[in-house]
Amino acid sequence: MNYIYILLEVLIVFLLMIFSYKYGKKDGLYVYIGFMSAIGSIIVGTVDILSFQVSIGIPIIMGIFICSNVIIQRYGIDEVKRILYTYGASYIISFILIGLVSLIIPSNNVFDLLFGYNLNNVRCFIGTFISIMIMIWIGSGIYYSLRKSKNMLIISNVVTSFVISFIESLICILIAYTGSFSGVELFGMISIRYVFEVIVSIIGLIPVYILVKYLD
């Protein structure tokens, strides 16, 4: 059931990306990044995969990353700053709003299940925020360099995803969970997150190809 849920999430994330560009072009992609950042900042649920807890936000994270690659591909490396500002502002503002709401609304199972941030897991928010900022910043540079030298859409996306997913997984897990789990458990969490992100990014080649090759 967990795998079905994740596949549905991946499908929705990538379909929204295609629709965002189809109906909003460049601005639509930035709206998409802002929206996904907002959703990613407030949903902290996990699913059990191979006995490890994996964030249900990973498809959203990879959607943001893949969308940033599409923007770089179509509009150039100068768009990186705007991508970072859009992501960062949406992420932080949404987190603050949910934090304020949580002070007003009495704790209940439904609210905690959906938005579950509190003082005990704020490290997850910080780890995710920092890791995605670095992912976008470094990943955009790697992607642009590969596209400029090789000009091969699929290879550029695959290589960038393999490298940057490892960096993101390492930073996020170490910030969020160091001290809470053993070294072996941290290694397992990093490995599962990395493999999961790579798989999602490979599936993401489909919307990338559609956006770059077929939608004008």
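Quick note: structure is the one above.
All residue numbers refer to positions counted from 1 along the written sequence of the respective chain. Where local features are concerned, this predicted model is filtered to residues with pLDDT of at least 70; where side-chain atom pairs are given and counted, the filter is 80 or more; whole-chain, interface and lining totals use all residues. For side-chain calculations, the full set of non-hydrogen atoms in the structure is used, while hydrogens and water are omitted.

A. Local environment of the pattern of salt bridges. Salt bridges are defined as contacts in which a side-chain nitrogen from Lys or Arg sits within 4 Å of a carboxyl oxygen from Asp or Glu. Scanning all chains against the criterion turns up four salt bridges. Its salt-bridge partner being Arg-82, residue Asp-27 comes within 3.6 Å of it at the nearest N-O pair. In this pair, Asp-27 is assigned in helix H1 (residues 2-42) and Arg-82 in helix H3 (residues 80-104), connecting sequence segments 55 residues apart. Burial classification: accessible surface area is computed with a 1.4 Å probe over protein chains only, and a residue below 20% of its type maximum counts as buried, one above 50% as exposed, and the rest as partly exposed. Take Arg-82: its relative accessible area is 36%, and that puts it in the partly exposed class. Numbering of helices and strands starts at the N terminus; helices are DSSP runs of H or I of at least 4 residues and strands are runs of E of at least 2.

B. Focus on a nonpolar patch on the surface. A cluster of nonpolar residues, Ile-4, Leu-8, Leu-11, Leu-15, Phe-19 and Tyr-23, forms a patch on the protein surface that exposes about 640 Å² of accessible area. Inspection of the secondary structure puts Leu-11 in helix H1. Residue Leu-11 is classed as partly exposed on the basis of its relative accessible area of 47%. Patch membership requires over 30% relative accessible area and the absence of a salt bridge. Like charges are linked within 9 Å, and nonpolar side chains (Val, Leu, Ile, Met, Phe, Trp, Tyr) within 5 Å. Only the protein chains shown count as covering a residue, and every accessible area follows the Shrake-Rupley method with a 1.4 Å probe.

C. Structural view of the nonpolar core. If you look at the biggest cluster of nonpolar residues, it comprises 43 residues, and the most contacted ones within it are Met-17, Ile-33 and Tyr-87. Looking at this core, the elements with two or more residues in it are H1, helix H2 (58-75), H3, helix H5 (122-149), helix H6 (153-177), helix H7 (183-203) and helix H8 (205-214). With sequence-adjacent residues up to four places away left out, Tyr-87 is seen in contact with Ile-33, Ser-37, Ile-64, Thr-128, Phe-129, Ile-132, Met-133 and Ile-136. Residues enter a nonpolar core if they are buried and are Ala, Val, Leu, Ile, Met, Phe, Trp, Tyr or Cys, with the set joined through side-chain atoms within 4.5 Å. Only heavy atoms matter for contacts: two residues are in contact if any of them lie within 4.5 Å across the pair.

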